[in-house]
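The chain contents come next:
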Amino acid sequence: MAARGHVQDPNDRRLRPIYDYLDNGNNKMAIQQADKLLKKHKDLHCAKVLKAIGLQRTGKQDEAYALAQEVAALEPTDDNSLQALTILYREMHRPELVTKLYEAAVKKVPNSEEYHSHLFMAYARVGEYKKMQQSISAQDENLSKTMFLPLAERMVEKMVKEDKIEAEAEVELYYMILERLEKYQEALDVVRGKLGEKLTSELQSRENKCMAMYKKLCRWPECNALSRRLLLKNSDDWQFYITYFDSVFQLIDESWTPPLEEEHSLEGEVHYSIEQAVKFIEERITEESKSTRPLRGPYLAKLELIRRLRCRGCNDEYKLGDPEELMFQYFKKFGDKPCCFTDLKVFVDLLPSSQYTKFISQLLEVIPLSSTTESEIALPADIKALQQHLCVVQLSRLLGIYHAMDKKQKLTVVRELMLRYHHGLEFGKTCLKTELQFSDYYCLLAVHLLLDLWLEEGEEMAVWQCLTLLEEGLSHSPSNAQFKLLLIRIYCRLGAFEPVAELYSSLDAKHIQHDTIGYLLTRYAESLGHYAAASQSCNFALRFFHSNQKDTSEYIIQAYKYGAFEKIPEFIAFRNRLNSSLHFAQVRTERMLLDLLLEANISSSLEESIKSMSLSPEEDDIPWKDLRDNRDLTVLFNWDPKDRDISEEHRKLSLEEETLWLRIRSLTLRLVSGLPTLSHSIQPKNSEKTAENGVSSKIDTIRSLLQQLEAAVDSGKKFLEQKIQYPVLGPPPTRMAGFFSNGSCQCQTSLFYLVSDIYELDTNGLEDSAEVQERIGNSFKSLIERLTDLFNKCKGDLIEVRDGTLKTQPNLLENLVFFVETISITQWVSSYCDGVLRPFKSNLQKKKKKKKETNVAMPPVFTHFLDYVTELQTLTSNVIDHIKGLEIILTALKLEELSLKDTLLLQEEKKFTKTVQGKVQSSYQHSVQEIGELLKKRLDTIKKLKI
């Protein structure tokens, strides 16, 4: 802020000390200095704004805002005040106020190019594109040259005619405008013409743009000739092979023939038959054999051509060779490269399933493995042979060979893979901590086999072996993200969140990853009773989403400043995609519910909590129609065959399930936020003021939300009837199934129906209300019964030793968390009931005293409520006692002394088993502790319910 050029204005000299104090973070001195200056110079607006910046930075936001608005109301035009206010509004996260500031400045000084520029940038920051255009239209000719480019084709055309286009960015802009206007021919002419010569900053920029326009115009001869020409230059560029094949088959389908006398096309010779394509690919392979560096492109292109010809049902006549033999030759040439597996993965469909085992045996025969006296299996002597063997093992998994094995065979393979893993560590002794071990994939594949045994055959021991091998792998390869991600998924499935937070933190997720993989963390933190960690994980995600809104505005402005116009639509699309993120909506909703759970009616009243969140039952800020699923569901490596892998159908179903669950959670939050709106004094029946004071509309809102909740619940139940099973490493299911099966859903909806009945009693009074009172009494009884049922589903041991194996019941934790949540909503609704019934009771008692009658019968609703509160207290106390019991059992469990049946693991691996079991036990203790503490606080608030 202090870096301001030398200006003669004496005010600059007066303001200098305040700037210095602010720059050095000495905000209190800046405020004092500003006060001194304002005593002498009352009209020095900038001093007031600098004082406001000091106040803002010392946490006095309201004072700062009031002071800033005082100055803004005067519509200042001096540069100092405007810049200082811009800085202040940015720190307040109020960019929309900057636009008002410069709108006023531009009105007063219409000829200022600088103010017009600032106004344009302010509009860009808040996404006011229409106003950006208007602001530019108002500027002088000079400014139009730099600012009007993205908004007017005519302006650029004029510049072209006057030969004024000099920079590459201007050509890019012209191309972008024409492309968006769908004037593809004109865009092609620009790129192929003299202006196109300026497109030099990106490799093959001109050719790529030409190709894009040829495709738009369906000019397949040109597409073909250009891709052929580019492949002659670089026969390893895969994107041009795809375009070459696409264009050849388009030309065949159109029965295209070249003109007799003219050139084939603008780009030269065209290939329009399968024979020419086959010959061209064979020539590329011959050329490759003369190359000093082996190129993968031509060999893969041959397989791609076979695949395409097979799809068209015409392979044999062109004698391209047997895919099995071609893949075998490819493996011999590139098998020691890590990319060999991913290259061949695409083409395994070309192999007949009867040949799978033979193909794998054929590959194994060419790998130089040597037997040693110490080991019963042949091992690779160097890293090249290890990579080749790893490729074959991955292909075996992909072809389903491991899946077809029985339990005993799978365990033998796991043991072999782990022996190979330990042997491979010898090659990585000099690796840095940040580097991966060459044999890490052996360990991962062994874990995948054990996961099959656990989840498909119910082998409980296998999950502990999975965790043991992964923890061991991580100790040798601390930077392996795959080990960490798989550990996160398995620990979460076991209901142990404590180790997950540390693992996720060590992944060091950056920027967009908070949206793409953040679900791994936020899905489980709260549902497993780690409330503090849940708050933290929600904060991580929300901080990213909120800063994105600010940051992308800055990126857009920088793109305008530096002429990177083609990036602007990308930044806008990026911002919109994040603002519509499913994960963003989920985290926002869950964070608010969590805050209410931890604070409402504990450290502050429900009303205060809702007010601080600016929650309103009428408002729904989730963009339901535009929700984007940005989750990366393939972040975990997977070698499963297609029929077991995550499909597009799984993605759609997962998005549908997540959206349904989000709708239920969002409606629950809005219903809770509606409770305080009902609890102020109600006008008597038939009063005209009822509609005026808005309360009747408030209960209508609650009833409407309740109907929506019922509809969402019905949709959720219908969805779950499909009994969808996602792949093991596919999307984790939501909490919706547990919410329905344990009875939480019925409890919560009946609570909101109770609110409606209590409101009716409140509005109509106690007279002639026997029916409503009876309904309320029945609701209290059924609610206690439902809560008791929910508690019964929380009973059982979280961890126990059975038949020499550790068994866990993580669903008990999820049920306990749902119980605490339901008890909290029960308590909020009961507080509302208490607030309604208490005045009625005190009024009756006053009447009683006046009339001096002792036998006036009290309405039954009071007795119902008192009985209900007593039972609620007893039930909550019982749950707290049960949780104490769980704590005692978990503390007494000496897992390190257990000798579990395990013939698979070696002795040195078993020390990791102890670590893993300790982590799970500690996590369960932590969960139970946090749930117990929160429940005690809720019990204290229930005890205050006495009418």
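This text goes with the structure placed above it.
Figured I'd write up the structure that's included with this text. (Residues numbered from 1 in each chain as written. Predicted model: local features only at pLDDT ≥ 70, side-chain atom pairs only at ≥ 80, totals over all residues. Heavy atoms only, no water.)

**Focus on the overall build of the protein**
No. 1: Summing up its helical and strand segments, the protein has 41 helices and four strands in all.
No. 2: In terms of overall dimensions, the protein has a C-alpha envelope of 115 × 85 × 55 Å along the principal axes.
No. 3: The buried share among the 947 residues of the protein stands at 53%.
No. 4: The long-range share in the protein, meaning contacts at least 24 apart out of those at least 6 apart in sequence, stands at 71%.
No. 5: Roughly 44600 Å² of accessible area belongs to the protein as shown, and the carbon and sulfur atoms make up 50% of that amount.
No. 6: A gap of 5 Å separates the mean positions of the 125 positive and 139 negative side-chain charges of the protein. (Helix = DSSP H or I, 4+ residues; strand = E, 2+ residues; numbered from the N terminus. Buried < 20%, exposed > 50% of the residue type's maximum accessible area, 1.4 Å probe, protein only. Contact = heavy atoms within 4.5 Å. Areas by Shrake-Rupley, 256 points an atom, 1.4 Å probe, with all protein chains shown as cover. Lys, Arg positive; Asp, Glu negative; His and termini not counted. Charge placed at Lys NZ, Arg CZ, Asp CG, Glu CD.)

**Describing helix α13 (residues 205–216)**
No. 1: With twelve residues, α13 should reach 16 Å at 1.5 Å per residue; the first-to-last C-alpha distance of 17 Å fits that figure.
No. 2: Listed in full, the buried residues belonging to α13 are Ser 205, Lys 209, Cys 210, Met 211, Met 213 and Tyr 214.
No. 3: On its buried face, α13 is in contact with α11 (168–180), α12 (184–192), α14 (220–233) and α15 (238–253).
No. 4: Looking one or two places after α13, you find Cys 218, whose phi comes out positive at around 55 degrees. (Expected span 1.5 Å × (residues − 1).)

**Quick look at the pattern of salt bridges**
No. 1: Under the criterion given, the structure shown has 46 salt bridges.
No. 2: Note that Glu 426 and Lys 429 form a salt bridge whose closest N and O atoms lie 3.1 Å from each other.
No. 3: Note that Arg 665 and Glu 590 form a salt bridge whose closest N and O atoms lie 2.9 Å from each other. Taken as a pair, Arg 665 in helix α33 (residues 648–678) and Glu 590 in helix α31 (residues 582–599) lie far apart in primary sequence, 75 residues in all.
No. 4: For Arg 665, a relative accessible area of 2% translates into the label buried.
No. 5: Owing to a relative accessible area of 16%, Glu 590 belongs among the buried residues under this scheme. (Salt bridge = Lys/Arg side-chain N within 4 Å of Asp/Glu carboxyl O.)

**Points about the pairing of strand β3 (residues 799–802)**
No. 1: Taken together, the four bridges between β3 and strand β4 (residues 805–808) define a ladder with antiparallel strand orientation. What sits directly across from Arg 802, in β4, is Thr 805.
No. 2: What sits between β3 and β4 in their antiparallel hairpin is a turn of two residues, with Asp 803 showing a positive phi close to 50 degrees. (Pairing = 2+ DSSP bridges.)

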